[in-house]
Amino acid sequence: MDTVIVVGGGPAGLTVARECQKNGWKTTLIEEHKEIGVPINCTGIISADGVRDTGLKIDDIVVNRVRGARIFSPKNIELKVQRTETVAFVVERDKLDKKLAQEATEAGVELLLETSLLDVRNETVFVKSRGRGEIKKAKIVVGADGPYSKTRSLMGINLPKEKFAHAYQFRVKGNFEKDFVQVHLGSFARNYFAWVVPENEEMARIGLAVSDGSVRESFEEFEKKIGITGEKCDMCSALIPCAEPLRDVVRKNMMLVGDAALQAKATTGGGIIAAINAGKACAKAIDLHLKQNAPLSDYNKYLSGINRELLLHWKIRKYMNSLSDDKFDDLFAKMKKSGVEDFLNRHGHMEKPSLFVGKILKNPSMWRLFPDAINFFFS
Ligand SMILES: Cc1cc2nc3c(=O)[nH]c(=O)nc-3n(C[C@H](O)[C@H](O)[C@H](O)COP(=O)(O)OP(=O)(O)OC[C@H]3O[C@@H](n4cnc5c(N)ncnc54)[C@H](O)[C@@H]3O)c2cc1C
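Everything numeric here is computed off the predicted structure, so don't read it as measured data.

Colleague: Would you take a moment to explain the site of the ligand for this structure?
Modeller: Taken together, 38 residues lie near the ligand, and Gly8, Gly10, Gly146, Gly258 and Gly271 sit nearest. Broken down by class, the residue content of the shell around the ligand amounts to 17 nonpolar, 16 polar and five charged. Composition of the shell around the ligand by domain shows at least three residues from each of domain 1 (2–41 + 93–159 + 246–302) and domain 2 (62–91 + 163–241).

Set out below in structure tokens:
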């Protein structure tokens, strides 16, 4: 019998499994695909702050370093946020997951590929492994099985599709500015945005996400808007959580972590760092439960710092979603005039919006730019 079965071999699951096993609890991780990290459904951009905070070792999987963003309004008014140092890394996402898998197996985790979760009844876990039904036993089951989480539905939590955006991305050949990512806002990427993330001067990961409608048609509109003509490859199409983080993350002996628990930044869609941090919080709750009989629901306590920031990302997203294209253009024009670029250069933070929202609130010339935002932040 296992102590813990983790469902899903992405950053969240691999972190939980590694930490549980390191704490001395016999842990098995099941992953439905035959290879960790494949298929890639990600742009692979992670903030330098996040890398520092999580202690990720990524030197050998970095394909590019960026030091800023060019953010475009619907009518192409540009805000350029830049630093002299690296603010984010573009990584080979499949290799990141493989690295985390290696750490987990080195810690002693049993990794079962081509094995998917079917059902959980208390401590009995039904799986399909390489085409055959099997029964496993575990005290605790952790669902780290991504946005479409089977574990979440087995826990009786059914989320409406509005909690997710649909993303669509290609790698595209062209001429790109290597140091900057581009973010494009507008109704073609309804309630989300489009991105150009360079791997180098000749290749970029270009995509967008939308809250509804045809993501492919939206992408075609964006292609025309920015004049993408280069050869495209490696298409991916997947969901990104776009909501506040789930509070209901523990039911009986089952827990949720990562995208399965909507633990991703609703502003940018970034979920790798949150998944790793939440994975550590989940493993801590499991450890204290098994050692000291603390309730598993203490997981919520250990998530509080992560959730506070994710909630703020969600409030910013809700505010952004309330703006029409014309309002975005007006706002960008006003922001440019008021020196917001300089403000963001000094105070912007990709992981912790509380750091710069706090600065905005202390600076009347800044918050007067966003009078309607107050309704979102204090609701
Ligand atoms: C197009 C796109 C671009 C993105 N770009 C970025 C980015 O640049 N930076 C960033 O930080 N985040 C990005 N994200 C989000 C990021 O990919 C996720 O937030 C992150 O992968 C969450 O990790 P996770 O471990 O929770 O889930 P996942 O990485 O989705 O892992 C879940 C795993 O569970 C497995 N699984 C599912 N169901 C079962 C089952 N029943 N049984 C067994 N296994 C199962 C899946 O195969 C998968 O391997 C992007 C997402 C998309 C869609």
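Here the narrative resumes, following the displayed structure.
Colleague: Before we go on, may I ask you to explain unusual backbone geometry in this structure?
Modeller: Going from Val38 to Pro39, the amide bond is cis rather than trans, its omega being 0°. Inspection of the secondary structure assignment puts Pro39 in the loop between β2 (27–30) and β3 (45–47). Positive phi values are uncommon outside glycine, yet Lys252 reaches one of about 50°. Looking at the secondary structure, you find Lys252 in the loop between β17 (250–251) and β18 (254–256). According to the C-beta neighbour criterion, Lys252 is exposed, with 12 such atoms within 10 Å.

Colleague: Looking at this model, I keep getting lost on the sheet that holds strand β4 (residues 62–66). Mind explaining?
Modeller: Strand order in the open sheet formed by three strands is β3-β7-β4, with antiparallel pairing between adjacent strands. Every other strand in the sheet has two partners, leaving β3 and β4 as the edge strands with one partner each. Here the average twist between neighbouring strands, direction ignored, is 25°. Summarising the sheet, β4 and strand β7 (residues 88–91) pair through four bridges and their orientation is antiparallel. In the sheet register, Asn64 faces β7, and the bridge partner there is Val90.

Colleague: What's the story with the sheet that holds strand β16 (residues 232–241) in this structure? I'm lost.
Modeller: Consider a sheet: its strands pair through backbone hydrogen bonds, and that pairing is either parallel or antiparallel. Pairing in this open sheet of seven strands is mixed, and the strands run β6-β5-β13-β14-β15-β12-β16 from one edge to the other. Edge positions in the sheet fall to β6 (78–82) and β16, since each has one partner strand and no second. Recorded for the sheet is a direction-independent mean angle of 15° between the axes of neighbouring strands. Against the sheet, helix α5 (residues 215–226) contacts β12 (164–173), β13 (180–184), β14 (194–198), β15 (203–210) and β16, and its axis sits at roughly 130° relative to β15.

Colleague: Looking at this structure, I do not really get the environment of Trp314. What am I missing?
Modeller: Mapping Trp314 onto the fold places it in helix α8 (residues 304–321). The spatial distance from the C-alpha of Trp314 to the C-alpha of Pro245 is 8.5 Å, given a sequence separation of 69 residues. Trp314 has contacts with Ala243, Glu244 and Ala266, leaving out every residue within four places of it along the chain.

Colleague: Whenever I open this one, helix α1 (residues 11–22) confuses me. Can you help?
Modeller: Because an α-helix completes one turn every 3.6 residues, residues spaced three or four positions apart along the sequence face the same direction. Taking 1.5 Å as the rise per residue, α1 with 12 residues should run 16 Å; its terminal C-alpha atoms sit 16 Å apart, in good agreement. Counting buried positions along α1 gives 11 out of 12 residues, so the element sits mostly inside the fold. What α1 keeps buried is the set Pro11, Ala12, Gly13, Leu14, Thr15, Val16, Ala17, Arg18, Glu19, Cys20 and Gln21. Lining the buried residues of α1 we find β1 (2–7), β2, α3 (93–107), β11 (132–143) and α6 (272–292). Remark: Gly24 follows α1 within two positions and exhibits a positive phi of approximately 100°.

Colleague: Explanation requested: the domain arrangement of the protein in the structure shown.
Modeller: Note on interface size: it is often stated as the accessible area lost on association of the parts. Domain parsing of the protein yields domain 1 (2–41 + 93–159 + 246–302), domain 2 (62–91 + 163–241) and domain 3 (317–377). Tallying the contact residues gives 15 residues for domain 2 and 14 residues for domain 3. Among the elements that take part in the side of domain 2 that touches domain 3, β6 stands out by supplying four residues, more than any other.

Colleague: It is not clear to me how the nonpolar core should be interpreted in this structure. Could you clarify?
Modeller: Nonpolar side chains tend to gather and get buried jointly when the protein is soluble and globular. In terms of nonpolar packing, the biggest core is built from 101 residues, with Val16, Val142, Leu208, Met255, Val257 and Cys282 touching the most fellow members. Ranked by the residues each element gives to this core, the list is headed by α6, at 11 residues. Excluding its chain neighbours within four sequence positions, the residues that come into contact with Cys282 are Val16, Val142, Met255, Val257 and Tyr299.

The rules behind these values
Residues numbered from 1 in each chain as written. Predicted model: local features only at pLDDT ≥ 70, side-chain atom pairs only at ≥ 80, totals over all residues. Near = placed C-beta within 6 Å. Nonpolar A, V, L, I, M, F, W, Y, C, P; charged D, E, K, R; others polar. Domains from an automatic or database assignment. Helix = DSSP H or I, 4+ residues; strand = E, 2+ residues; numbered from the N terminus. Buried ≥ 20, exposed ≤ 12 C-beta atoms within 10 Å, placed from the backbone. Pairing = 2+ DSSP bridges. Axes fitted to C-alpha atoms, helices over the stretch in contact; angles between N-to-C directions. Contact = placed C-beta atoms within 7 Å. Expected span 1.5 Å × (residues − 1). Core = buried A, V, L, I, M, F, W, Y, C linked by C-beta atoms within 7 Å.

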